[in-house]
Amino acid sequence: QVQLVESGGGLVQPGGSLRLSCAASGSIFSIDAMSWYRQGPGKQRELVATITAGASTNYADSVKGRFTIFRDNAKNTVYLQMNSLKTEDTAVYYCNVWATVVGDLGPRNFWGQGTQVTISS
C-alpha cells in the first residue's frame, strides 16, 4: 500500500504564502500523476493542480499564476507553493497520487488525510 502524509497547512493573512508537502511511502514501484485537491466550506472537492511523471503541470483557473506544483521524485514528494493567498483559498487541501504498488499490475489512486489552510486577517 501507499501512505500519503501531508504537511504545511496553517493560518496566514491574505497576500501571504504557504508551501504544502505530501510525502508518499510504502511498497511503491512507481508514481505517476500527483495532484492537489481542495474542499472549501460548503463546497465540493475540486482539483487545484496536477503534475505528471514527466513534470507536465495543469492548474485550476482560480490558482493560475499564484500556485506552483512541483515534485521531488527521489523523495516521492509533491509540493504546492501557494502565493498571493486569498480568503477564497481557505479549504482542506488533499494530496492525490496515482501509484503502482510492488506486485500490482497497474496504478491505483491514493488520497492523503488532508491539511487545513485558512486565509484570514
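It should be noted that the structure appears before, not after, this text.
The following refers to the structure shown. Everything quoted here is computed from the prediction, not taken from an experiment. (Residues numbered from 1 in each chain as written. Predicted model: local features only at pLDDT ≥ 70, side-chain atom pairs only at ≥ 80, totals over all residues. Heavy atoms only, no water.)

**What to know about the nonpolar core**
Applicable threshold: Take the buried Ala, Val, Leu, Ile, Met, Phe, Trp, Tyr and Cys residues and link them wherever side-chain atoms come within 4.5 Å; each set so joined is a nonpolar core. Exposure classes here rest on a 1.4 Å probe applied to the protein chains alone. A residue is buried below 20% of its type maximum, exposed above 50%, and partly exposed in between. To qualify as a helix, a DSSP run of H or I must reach at least 4 residues; to qualify as a strand, a run of E must reach at least 2; elements of each kind are numbered from the N terminus. Whether two residues are in contact is decided by their heavy atoms, any of which lying within 4.5 Å being enough.
With 32 residues, the main nonpolar core has Trp36, Leu80, Met82 and Tyr93 as its most contacted residues. Sorting the residues of this core by element identifies β1 (2–7), β3 (18–26), β4 (28–39), β5 (46–51), β7 (67–72), β8 (77–82), β9 (91–101) and β11 (115–119) as the ones contributing at least two each. The dominant element in this core, judged by the number of residues it contributes, is β9, at six residues. The contact partners of Met82, leaving out residues within four places of it in the chain, are Gly16, Ser17, Leu18, Leu20, Arg66, Phe67, Tyr93 and Val117.

**Topic: the pairing of β9**
As a reminder of what qualifies: Pairing between strands requires that DSSP locate at least two bridges from one strand to the other.
Burial of β9 is extensive: nine of the eleven residues sit out of reach of the surface. As paired elements, β4 and β9 share nine bridges and run antiparallel to each other. Within β9, the position partnered with Met34 by the bridge is Val97. Sheet analysis places β9 next to β11, joined by three bridges and oriented antiparallel. Counted as the bridge partner of Tyr93 is Thr115 from β11. Here β9 runs beside strand β10 (residues 108–111); their pairing, made up of four bridges, is antiparallel. Each residue of the ladder has a partner; that of Asn96, found in β10, is Trp111. Here β9 hands over to β10 after six residues, with Gly103 in that stretch at a positive phi of 95°.

**Regarding the pairing of β5**
Here β4 pairs with β5 via five bridges, running antiparallel. Residue Tyr37 lies in a different strand from β5, and its bridge partner there is Leu47. The turn linking β4 back onto β5 is made up of six residues, and Gly42 within it adopts a positive phi angle of 70°. Here β5 folds back onto strand β6 (residues 57–59), and the loop between the two strands holds five residues, one of which, Ala55, carries a positive phi near 75°.

**A word on the pattern of salt bridges**
Applied cut-off: Salt bridges are identified by distance alone: a Lys or Arg side-chain nitrogen within 4 Å of an Asp or Glu carboxyl oxygen.
Using the criterion set out here, one finds five salt bridges in the structure. Here Glu46 ties to Arg38 by a salt bridge, and the two come within 2.6 Å at their closest N and O atoms. For Asp61, the salt bridge identified is with Lys64, shortest N-O distance 3.1 Å. By relative accessible area, Lys64 is classed as partly exposed at 47%. A single salt-bridge network, built from bridges that share partners, covers Arg38, Glu46, Arg66 and Asp89.

No statement about biological role is implied by the geometric values presented.
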